[in-house]
Amino acid sequence: MKQAIFQPRRGIATIAAAAGVSIAFTVTVGFGVSYADGGAPLGVPASSISADGKFFTPGPNTVVKRNSSGSEGVLLSAESASPIAPAPAGTTDYFVIKNAHRISQSCGTDLLQATSGRGKTTLVLSVEKSVAATVTKEVKVDLKYVSAGMGWSVTNTYSIKNETRFEVPEGKWGSVQAFPLYDVYEGNAYQGVGGNLPTGKKVWAYKPVGVCFNQWAQ
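With respect to the overall build of the protein chain
Stage number 1. Tallying secondary structure elements over the protein chain gives 1 helix and 10 strands in all.
Stage number 2. The linear arrangement of helices and strands in the protein chain, starting from the amino end, is β-β-β-β-β-β-β-α-β-β-β.
Stage number 3. The buried share of the protein chain, taken over its 218 residues, is 44%.
Stage number 4. Counted over contacts in the protein chain with a minimum sequence separation of 6, partners at least 24 positions apart contribute 84%.
Stage number 5. If you sum the accessible surface of the protein chain, you get close to 10,600 Å²; carbon and sulfur atoms cover 52% of it.

Spelled out as structure tokens, the structure:
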């Protein structure tokens, strides 16, 4: 995966605290802001950004926290997504997703919230958001079949909630940024109504499960 580093942009609030004073606040910035086209954010190696710019691998400045609370995905049976009859000639082939399993965790590049301040201080950032699941695929397969294969709804939004506290040393400027954390699932695409013909193609689904906090002082 190829990844990036985050540069604070306009719209990220900065708050300076007097030395020795602890501060706690939540600053909301534009949900959906992405650093995919803006270079590498501070604290994240450029090599950690995915080729599509949508995800990054957690680095040494990233604290990964799964939900302190939240709902699980909607479970779907394979039968609920099975076609009644073979697709008519000339339509998109029917695919079945098999052997789906969780392969890793990944952080998204959509900025959820951010805060900053001068030390000595404590930065506290609380996040509670609804984030949509996402899918990447090597074949054109209906998302209801992806959901059936994965065992959870890939078209749902999921609640993510957590908090971080970051101690900023005296004389340093500290920053905290929050990004969505995903569980990454991989499945194999099989073709045909019976799903007996392997295609060699894969599908990946990303389920929001927590928060990636990038935090550093400089």
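Concerning the nonpolar core
Stage number 1. Ranked by internal contacts, the top residues of the largest apolar core, which has 18 residues, are Ile97, Val141, Val146, Met150, Trp152, Val154 and Val203.
Stage number 2. Residue contacts for Met150: discarding those within four places in its chain leaves Ile97, Ala100, Tyr185, Glu186, Gly187, Val203 and Ala205.
Stage number 3. Counting residues in hydrophobic clusters, the runner-up holds 17 residues, among them Leu123, Val127, Val168 and Phe213.

Thoughts on the side chain of Gln215
Stage number 1. As for its placement among the helices and strands, Gln215 is situated in strand 10 (residues 197-217).
Stage number 2. Of the residues examined, Gln215 reaches a relative accessible area of 12% and is grouped as buried.
Stage number 3. There is a polar contact of 2.9 Å between the side chain of Gln215 and the side chain of Thr164.
Stage number 4. Leaving out residues up to four positions away in the same chain, Gln215 has contacts with Asn61, Val63, Thr164, Arg165, Phe166, Ser175 and Val176.

Structural notes on helix 1 (residues 143-150)
Stage number 1. Along helix 1, the residues that are buried comprise Tyr145, Val146, Ser147, Ala148 and Met150.
Stage number 2. Looking at the buried residues of helix 1, the elements they touch are strand 4 (95-108), strand 7 (134-137), strand 9 (173-191) and strand 10.
Stage number 3. In the stretch just after helix 1, Gly151 is the one whose phi turns positive, near 90 degrees.

What about the side chain of Asn214?
Stage number 1. Topologically, Asn214 is positioned in strand 10.
Stage number 2. At 2.6 Å, the side chain of Asn214 forms a polar contact with the side chain of Thr62.

Observations regarding the environment of Ser147
Stage number 1. With respect to the helices and strands, Ser147 occurs in helix 1.
Stage number 2. Residues Ser147 and Ala205, spaced 58 residues apart in sequence, show a C-alpha to C-alpha distance of 8.8 Å.

What about the packing of aromatic side chains?
Stage number 1. Tallied over the full model, the rule gives 6 aromatic pairs.
Stage number 2. Where Phe55 meets Tyr206, the ring centres are 4.3 Å apart and the plane angle is 15 degrees; that geometry is what we call stacked. Highlighted residues: Phe55 in strand 2 (residues 55-56) and Tyr206 in strand 10, separated in sequence by 151 residues. In this pair, the class of Phe55 matches that of Tyr206, namely buried.

Observations concerning the state of the cysteines
Working definition: the covalent bond between the sulfur atoms of two cysteines is a disulfide.
Stage number 1. Within this structure, the stated rule accounts for 1 disulfide.
Stage number 2. Sulfur-sulfur distance for the disulfide between Cys107 and Cys212 comes to 2.0 Å. Where Cys107 bonds to Cys212 through sulfur, the torsion about that S-S bond is close to -85 degrees, and the disulfide is left-handed. Placement of Cys107 in strand 4 and of Cys212 in strand 10 is noted, with a sequence separation of 105 residues between them.

So, the pairing of strand 5 (residues 110-118)
Stage number 1. Taking burial as the measure, the 9 residues of strand 5 include 7 buried ones, the bulk of the element.
Stage number 2. Note that strand 5 and strand 9 share 6 bridges and pair antiparallel. Among the inter-strand pairings, Thr115 is bridged to a residue of strand 9, identified as Val176.

Quick notes on the pattern of salt bridges
Two side chains carrying opposite charge are able to pair once their charged atoms lie near each other.
Stage number 1. Per the stated rule, a full pass over the model turns up 3 salt bridges.
Stage number 2. Between Lys202 and Glu186 there is a salt bridge, and its shortest N-O distance comes to 3.7 Å. Taken together, the residues Lys202 in strand 10 and Glu186 in strand 9 connect sequence positions 16 residues apart.
Stage number 3. The exposure class assigned to Lys202 is partly exposed, which follows from its relative accessible area of 27%.
Stage number 4. Here Glu186 falls in the buried class, since its relative accessible area comes to 16%.

Description of unusual backbone geometry
Note on backbone geometry: most residues besides glycine have negative phi, and most peptide bonds are trans.
Stage number 1. Of the consecutive residues Gly119 and Lys120, the connecting peptide bond is found in the cis state with omega at 10 degrees.
Stage number 2. Take Lys120: it is sitting in the loop between strand 5 and strand 6 (121-132).
Stage number 3. The phi torsion at Asn99 lies on the positive side, around 60 degrees, for a residue other than glycine.
Stage number 4. For Asn99, the position within the fold is in strand 4.

Rules used in this analysis
- Residues numbered from 1 in each chain as written.
- Predicted model: local features only at pLDDT ≥ 70, side-chain atom pairs only at ≥ 80, totals over all residues.
- Heavy atoms only, no water.
- Helix = DSSP H or I, 4+ residues; strand = E, 2+ residues; numbered from the N terminus.
- Buried < 20%, exposed > 50% of the residue type's maximum accessible area, 1.4 Å probe, protein only.
- Contact = heavy atoms within 4.5 Å.
- Areas by Shrake-Rupley, 256 points an atom, 1.4 Å probe, with all protein chains shown as cover.
- Core = buried A, V, L, I, M, F, W, Y, C linked by side-chain atoms within 4.5 Å.
- Polar contact = N/O pair within 3.5 Å; in protein donor to acceptor, adjacent residues only side chain to side chain.
- Phe/Tyr/Trp six-rings, centres within 6.5 Å; stacked < 30°, edge-to-face > 60°.
- Disulfide = S-S within 2.5 Å.
- Pairing = 2+ DSSP bridges.
- Salt bridge = Lys/Arg side-chain N within 4 Å of Asp/Glu carboxyl O.

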